[in-house]
Amino acid sequence: MNNIKKAALGVLIAGFAFGFSAFTTFKRANAVLYYKVDIAYPLPDDPRGYYYYSGDRCEANGPVCSALWDIGTNMVPVADGTSLPGSGRTLISTSVSTGHFE
């Protein structure tokens, strides 16, 4: 019985160690969808002209409609029309969608 308790304790400790390391190494991205509202800045990687809106506002026919931005430690926007943070943000380049904001 003593060996069974030791084995169970070992499995329990290994489970805790694995579970803890899984949460500490996982990078959490604050990815938020922003719409390219101001077409005076047409390049997708230009952060100027991006604004947050809660609904789907993309329509066909246009160079850039929206893109996901990792906003890091910035606050997640809740109000429509909130601009992309001025610093601490990174474009997720594979997320750029074509079309135009409507």
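Look above for the structure.
In this text, all values refer to a predicted model and were calculated from it rather than measured experimentally.

Remarks on the pattern of salt bridges
Taken as a whole and judged by the stated rule, the model has two salt bridges. Residue Asp46 is joined to Arg48 by a salt bridge in which the shortest nitrogen-to-oxygen separation is 2.8 Å. With its nearest N and O atoms 3.8 Å apart, the salt bridge here joins Asp80 to Arg57. Placement of Asp80 in the loop between β4 (66-70) and β5 (82-83) and of Arg57 in the loop between β2 (50-52) and β3 (58-59) is noted, with a sequence separation of 23 residues between them.

Focus on the state of the cysteines
Taken as a whole and assessed by the stated rule, the structure comprises one disulfide. Residue Cys58 pairs covalently with Cys65 via a disulfide, S to S 2.0 Å. Looking down the S-S bond of the Cys58 and Cys65 bridge, the torsion is -110 degrees, so its handedness is left-handed.

Definitions and cut-offs
- Residues numbered from 1 in each chain as written.
- Predicted model: local features only at pLDDT ≥ 70, side-chain atom pairs only at ≥ 80, totals over all residues.
- Heavy atoms only, no water.
- Salt bridge = Lys/Arg side-chain N within 4 Å of Asp/Glu carboxyl O.
- Helix = DSSP H or I, 4+ residues; strand = E, 2+ residues; numbered from the N terminus.
- Disulfide = S-S within 2.5 Å.

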